[in-house]
Amino acid sequence: MKPNKINHSAVVGLFITIGVLLLVAVIFLLGGQQKKFIKTFTVKAIFNDINGLQAGNNVWLFGVKVGTIKKVSFSGNNQVEVTMHIEKDAQSRIHKDGTAKISSDGFIGSKIIVLHGGNIAAPQVEEGDYLHIAETAGTEEILATLQQNNKNLLEITGNIKTVSKKLLNGEGSLGILLSDPTMAQDIKTAIAHFKAVSVKSEALIANVQHFSEGLHKKGSLANELVTDTIVFNSVRSTVAHLNTASQNLQAASLKVTSFADSLQKAGASLNDPKKPVGMILNDTEVAQNIRVMIKNLESGSKKLDDDLEAVQHNFLLRGFFRRREKAQKQEAMHPTN
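Since this is a predicted model, take the numbers as computed values, not measurements.

Student: Help me understand the overall build of the chain in this model?
Tutor: A tally of helices and strands in the chain yields nine helices and seven strands. Residues counted as buried form 13% of the 337 residues belonging to the chain. Expressed as a percentage of contacts within the chain between residues at least 6 apart in sequence, the contacts between residues at least 24 apart total 54%. Counting only carbon and sulfur atoms, one obtains 61% of the accessible surface of the chain, whose full area is about 26600 Å².

Student: Quick question: what am I supposed to make of the pairing of strand 2 (residues 58-61) here?
Tutor: Consecutive residues of a regular strand have side chains that alternate between opposite faces of the sheet. Only one face of strand 2 is buried: it carries V59 and L61, and the other face, with N58 and W60, is open. Sheet topology note: the strand 2/strand 3 (residues 64-75) ladder contains four bridges and is antiparallel. In the sheet register, L61 faces strand 3, and the bridge partner there is V64. The turn joining strand 2 and strand 3, which pair antiparallel and follow one another in sequence, is formed by two residues; a positive phi near 55 degrees is taken by F62. Sheet topology places strand 2 next to strand 6 (residues 111-116); three bridges connect them, and they run parallel.

Student: I keep staring at the sheet that holds strand 3 and nothing clicks. Help me out?
Tutor: Within a beta sheet, neighbouring strands are joined by backbone hydrogen bonds and run either parallel or antiparallel to one another. Overall, mixed pairing links the seven strands, which are arranged 1-4-3-2-6-5-7 in an open sheet. Strands with a single pairing partner mark the edges of an open sheet, and in this sheet they are strand 1 (40-47) and strand 7 (132-133). Across eight bridges, the pairing between strand 3 and strand 4 (residues 79-87) is antiparallel. Looking across to strand 4, one finds that T68 is bridged to H85.

Student: It is not clear to me how unusual backbone geometry should be interpreted in this structure. Could you clarify?
Tutor: Backbone geometry at N51 places phi at a positive 50 degrees, although glycine is not the residue there. Judged by relative accessible area, N51 falls into the partly exposed class, the value being 29%. For F62, which is not glycine, the phi dihedral falls at a positive 55 degrees. Examined against the element boundaries, F62 turns out to sit in the loop between strand 2 and strand 3.

Student: In this structure, what is going on with the nonpolar core? I would like to understand it.
Tutor: By size, the foremost hydrophobic cluster in this structure holds 22 residues, and its most contacted members are M84, I86, I113 and L115. Breaking this core down by element, the ones donating at least two residues are strand 1, strand 2, strand 3, strand 4, strand 5 (99-104) and strand 6. Non-local contacts of M84, meaning those with residues more than four positions away in its chain, are made with F41, T42, V43, K44, A45, V59, T68, I69, K70, I113, L115 and L131.

Student: Is there a simple way to think about the side chain of D129 in this case?
Tutor: The topology assignment puts D129 in the loop between strand 6 and strand 7. Of the polar contacts made by the side chain of D129, one reaches the side chain of K96; its length is 2.7 Å. When near neighbours in sequence (up to four residues on either side) are disregarded, D129 contacts T42, V43, K44 and K96.

Student: I keep staring at the environment of A100 and nothing clicks. Help me out?
Tutor: Mapping A100 onto the fold places it in strand 5. Counting along the chain gives 32 residues from A100 to H132, while the straight-line C-alpha distance between them is 6.2 Å. If near-sequence neighbours (up to four positions away) are discounted, A100 is found in contact with A45, F47, I113, V114, L115, L131, H132, I133 and A134.

Student: I would appreciate a short explanation of the pattern of salt bridges in the present structure.
Tutor: Two side chains with opposite charge may pair up if their charged atoms get near one another. Within the structure shown, the criterion is met by one salt bridge. As a salt-bridge pair, K96 and D129 come within 2.7 Å of each other at their nearest N and O atoms. Here the residue K96 occupies a position in the loop between strand 4 and strand 5, and D129 occupies one in the loop between strand 6 and strand 7, the gap between them amounting to 33 residues. A residue is classified by how much of its surface remains accessible, and K96, at 33% relative accessible area, is partly exposed. D129 sits in the buried class, given a relative accessible area of 18%.

Student: I would appreciate a short explanation of a nonpolar patch on the surface in the present structure.
Tutor: Taken together, the side chains of V12, I16, V20 and V24 present a nonpolar region at the surface, about 310 Å² in accessible area. Positionally, I16 belongs in helix 1 (residues 2-34). Classification of I16 by relative accessible area gives exposed; the value is 52%.

Student: Before we go on, may I ask you to explain the side chain of Q91 in this structure?
Tutor: As for its position among the elements, Q91 is in the loop between strand 4 and strand 5. The buried category is assigned to Q91, whose relative accessible area is 10%. Engagement of the side chain of Q91 in a polar contact is seen with the backbone oxygen of V125, the distance being 2.9 Å. When neighbours within four sequence positions are excluded, Q91 is seen to be in contact with F41, Q124, V125, E126 and E127.

What counts and what doesn't
Residues numbered from 1 in each chain as written. Predicted model: local features only at pLDDT ≥ 70, side-chain atom pairs only at ≥ 80, totals over all residues. Heavy atoms only, no water. Helix = DSSP H or I, 4+ residues; strand = E, 2+ residues; numbered from the N terminus. Buried < 20%, exposed > 50% of the residue type's maximum accessible area, 1.4 Å probe, protein only. Contact = heavy atoms within 4.5 Å. Areas by Shrake-Rupley, 256 points an atom, 1.4 Å probe, with all protein chains shown as cover. Pairing = 2+ DSSP bridges. Core = buried A, V, L, I, M, F, W, Y, C linked by side-chain atoms within 4.5 Å. Polar contact = N/O pair within 3.5 Å; in protein donor to acceptor, adjacent residues only side chain to side chain. Salt bridge = Lys/Arg side-chain N within 4 Å of Asp/Glu carboxyl O. Patch = residues over 30% accessible without salt bridge, like charges linked within 9 Å, V, L, I, M, F, W, Y side chains within 5 Å.

Next up, the structure:
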């Protein structure tokens, strides 16, 4: 009977040892998940609404779990204070201007706190510091927004339905445009015209480009006009001479115009019977008197010639005329140099 008792005690002791080892393993496993054996420090944050956040929920920084919610308690009348245990290794990445906001682990997962480290130039957070709060929309607000968006979407869908119905019925300008074949043909014609204009525009652009290339082609007149200063000065001088000639022609034209005006005035005077010239040309009586006067002058001139002839044959003056005639003949025979 003694050996059986020893075997029974050994089996009981073995089971107890295995149970203790399993208990220790479970303790270390749970402690590793909850990070019970890692050095931590405490920071706090005060929220207006924690949306179901509980002690034991996780704290995340840059998508990495760095701590857990230690305590949730009321602060004041309408606020909640949340105490967080953060790993000591993450302290250097969280600064005094860092923020904390409540989020979810997935769309419908448990609540968590997401930290934002803040400006690296600011001092790092210390034990017991309070973090700033980044306000986030709650689930109810999100659902209300979604509901309002659904209403707006429904209204937009209704408007689209109404517009499409009017288009199918040919109502409105766009409906007429879609249903009227004449207007469609007019649009095709306008597009064809636009294409023709586009082709002409391309040809015009090509001509302008060709002309521009000619300006850059050395040896051409256009290039010399643009680049050669001597040719340009010659052209400018020619233009100046043309301007001068134009001014001279203008002055001559003014003189011709003035002369024509004078001739016109003289012609008017010739036709005016009140003026002497006009009276001579237009008055028959005056013309007859002038004829008689001219006839009398001719008759008087003839009589004067006869009187001079008679004077030459007068014995008192005959010697004078003979001596003068003789002197004229000698001078003709012996002309003086």
